[in-house]
Structures are given as structure tokens and as C-alpha cells.
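Below are the chains, spelled out letter by letter.
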Amino acid sequence: MAQMDHESGGFSSMEESFNYRSPERLMAVSKSAAKQGAGAIQAAMAQGPEAVAELMYGGRMGNTEKGDAYKYRGRGHIQLTGKAQYAAASKDLGMDLVNNPDLAADPKVAAKVATWYWKKNKLGEAAQAGDVTAVTKKINGGTNGLADRQSKFADYLTDAKTGKLAQVGQSPESQTTKVPKTEVKAKTPSTVAAANKPQSTPTVDNFIATPLKMATTPTATPQVAMPKPLCIVTGK
């Protein structure tokens, strides 16, 4: 959870952004870009996201054609990146992410991809040992954002131990005690009307409450078509 939280910016972004605030920042997070030098980085930033992506991922990670770097940019909770990863996920998960890379940003697909990536790279053992650095290297390729990942890991671990994490995603109703239906009944217009009328006067509710008695007792009054039974709503 800590790694997914960090990679997706607190679960707020499902797609990698290339809007770096400065060449220095880009050089700090991308060794590939740093090797190109400040001049190349400045030029790429002036051209736009596609050029920055090419500087960072072009010619590697399975990206063989110009445009692959941006097409197969980081997406989803795990930030699946590079044509090679998209192809591997497609094969194992039975979905065509290579020809439909935007699917990796769909929440449901992103969850499947993240689970697949975790198992594929056998991250469970390191995670259970609390080795955030090892897990980060497997996901990031380096240790970018390590301090934030470690902080989030500590928070999630605390929530897991106290049971708070188990409540995430539960509806408010499931976290409260439900009142039995027989204890509280909501009054409807029909029940209120029946209560206010004299007992000697037959009402619709009288007929509904004792259908067998009315059906077997002779009466001199003409028979009339009765409405369908009304429903009594019970409060929760």
C-alpha cells in the first residue's frame, strides 16, 4: 500500500506527469535524462511531455520506436512503464495493453496490474521483512522518494496493527450496529388514518388486516373492488 500510495501521488494520479519544475529536478529523478546533460533537458522541456519522455525512456525498457516512451509512460497504481512491461502484463493477464495502453490507468485494471507486478517480482518477502529499500528498487529502479515510502510504510503498518486499515472501504452502515426491524416502525399515512377513524366504521386497513374474516362473513352491503394491500415500511 505504501508503494502504491507513493507511486500514484496518494492515489490521486493514474498517469505519469512530465511537467518537471526545473532541469535539476528532472536530473535528480532520472539518471537517463541526467546523462544527456542540462542543455538537452532544457530543450526537451521546452518541446513538451513527449520529448521529456523520450529523453527519460527512449531506446530502453522495450521502447524501440520514437513515441514509445510517451505511449508506454507510467500508468496505474504501480506506474507500469515501458513497452516491455506492458507486453509482459498483457501476456500474463490476458488483456491487450500494448495496443490499448490507456487501459492500464483504469482503476480495476490498475489493481490487477499492481497485484501481477507484485507477485511477478516476488516483492512479498522483502515487504514482510520491512525492507522498504529493496521493494523500492524493484519498483522504481532506484530509490527515488525513499523517505516518503518509508514514512507511508510506517503509517500503514500502524493502521494494520490497530485494525484501522481493515475498515477502509467499508460503508458507514457496516461499521454501526443495526437496529432490528421489529423495534422501530415508521408510521405511514394509511396506519395514521386507520387509527383516527371510529372503530365501527370499516376501513381499507381493516380489510387488509383481516382478509380471511371479511371473505367468510356474509354482508348485506354491495361488494366493492378492493385496492392492493398497502406496505408497512419499517425503519432501520
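Residues numbered from 1 in each chain as written. Predicted model: local features only at pLDDT ≥ 70, side-chain atom pairs only at ≥ 80, totals over all residues. Heavy atoms only, no water.

1. Regarding the packing of helix α4 (residues 38-47) against helix α5 (residues 49-57)
Rules: Every angle, taken between N-to-C directions, lies between 0 and 180 degrees, and every axis is a line fitted to C-alpha atoms, over only the stretch in contact when it is a helix. Each helix is a run of H or I in the DSSP string that is no shorter than four residues. Each strand is a run of E no shorter than two, and both are numbered from the N terminus. A contact between two residues is defined here by any heavy atoms of the two lying within 4.5 Å. Three classes are used: nonpolar for Ala, Val, Leu, Ile, Met, Phe, Trp, Tyr, Cys and Pro, charged for Asp, Glu, Lys and Arg, and polar for all others, with Gly counted as polar.
Where α4 meets α5, the closest approach of the two axes is 5 Å, and the angle between their N-to-C directions is 145 degrees. The segment α4 lies against α5, with A40, I41, A44, M45 and Q47 engaging A51, V52 and L55. Residues that form the contact of α4 with α5 fall into these classes: seven nonpolar, one polar and no charged.

2. Let's talk about helix α7 (residues 83-93)
Stated precisely, the cut-off is as follows: Summary of the burial criterion: residues with accessible area below 20% of their type's maximum are buried, those above 50% are exposed, and those between are partly exposed, where the area comes from a 1.4 Å probe applied to protein chains only. Summarising the geometry, the arc corresponds to the directions from the helix axis toward the C-beta atoms.
What α7 keeps buried is the set Y86, A89 and S90. Along the axis of α7, the buried positions cluster into a sector of 105 degrees, meaning they face one direction only. At the C-terminal side of α7, G94 shows a positive phi close to 70 degrees.

3. As for the packing of α7 against helix α8 (residues 107-120)
Worth spelling out the cut-off: Oblique is the label for every angle not falling under 35 degrees (roughly parallel), over 145 degrees (roughly antiparallel), or within 65 to 115 degrees (roughly perpendicular).
Running from N to C, α7 and α8 cross one another at 100 degrees; their axes reach a closest spacing of 11 Å. Between α7 and α8, the interaxial angle falls into the category roughly perpendicular. For the pair formed by α7 and α8, the contact residues are Q85, A88, A89, D92 and L93 on the first element and K112, V113, W116, Y117 and K120 on the second. Across the contact of α7 with α8, the residue classes break down as six nonpolar, one polar and three charged.

4. Points about the pattern of salt bridges
For clarity, the threshold we go by: The term salt bridge refers to a pairing of a side-chain nitrogen on Lys or Arg with a carboxyl oxygen on Asp or Glu at a separation within 4 Å.
Under the counting rule described, the total for this entry stands at five salt bridges. R149 is the salt-bridge partner of E7, the closest N and O atoms lying 2.8 Å from each other. Linking E7 in helix α1 (residues 2-7) with R149 in helix α11 (residues 146-162), this pair joins segments that are 142 residues apart in sequence. In this structure R149 comes out as buried when scored by relative accessible area, which is 1%.

5. Some remarks on the side chain of S8
Basically, it comes down to this: For the purposes of these results, a polar contact is taken to be a pair of N or O atoms within 3.5 Å, where, inside protein, one atom must be able to donate a hydrogen and its partner to accept one; residues adjacent in sequence count only when each atom of the pair is a side-chain atom.
Tracing the sequence through the fold places S8 in the loop between α1 and α2 (23-29). Residue classification places S8 among the buried positions, given a relative accessible area of 1%. Within the local environment of S8, its side chain forms a polar contact with the backbone nitrogen of F11, the two atoms lying 3.0 Å apart. Among residues more than four places away in sequence, those in contact with S8 are S13 and H77.

6. A word on a positive patch on the surface
Stated precisely, the cut-off is as follows: Only residues whose relative accessible area exceeds 30% and that take part in no salt bridge are eligible for patches, with like-charged residues grouped when within 9 Å of each other and nonpolar side chains (Val, Leu, Ile, Met, Phe, Trp, Tyr) grouped when within 5 Å. Surface accessibility follows the Shrake-Rupley procedure with a 1.4 Å probe radius. Residue values consider only the protein chains on display as shielding. For this count, His and the chain ends are skipped, Lys and Arg are scored as positive, and Asp and Glu as negative. Where a charge sits is defined by one atom per residue type, namely NZ (Lys), CZ (Arg), CG (Asp) or CD (Glu).
A cluster of basic residues, K31, K35, R60 and K137, forms a positive patch on the protein surface. Residue placement: K137 occurs in helix α10 (residues 132-140).

7. Describing unusual backbone geometry
The backbone phi angle of F11 is positive, close to 60 degrees, even though this residue is not glycine. Counting through the fold element by element, F11 comes out in the loop between α1 and α2.

Everything listed here is a matter of coordinates, which is why it stays silent on function.
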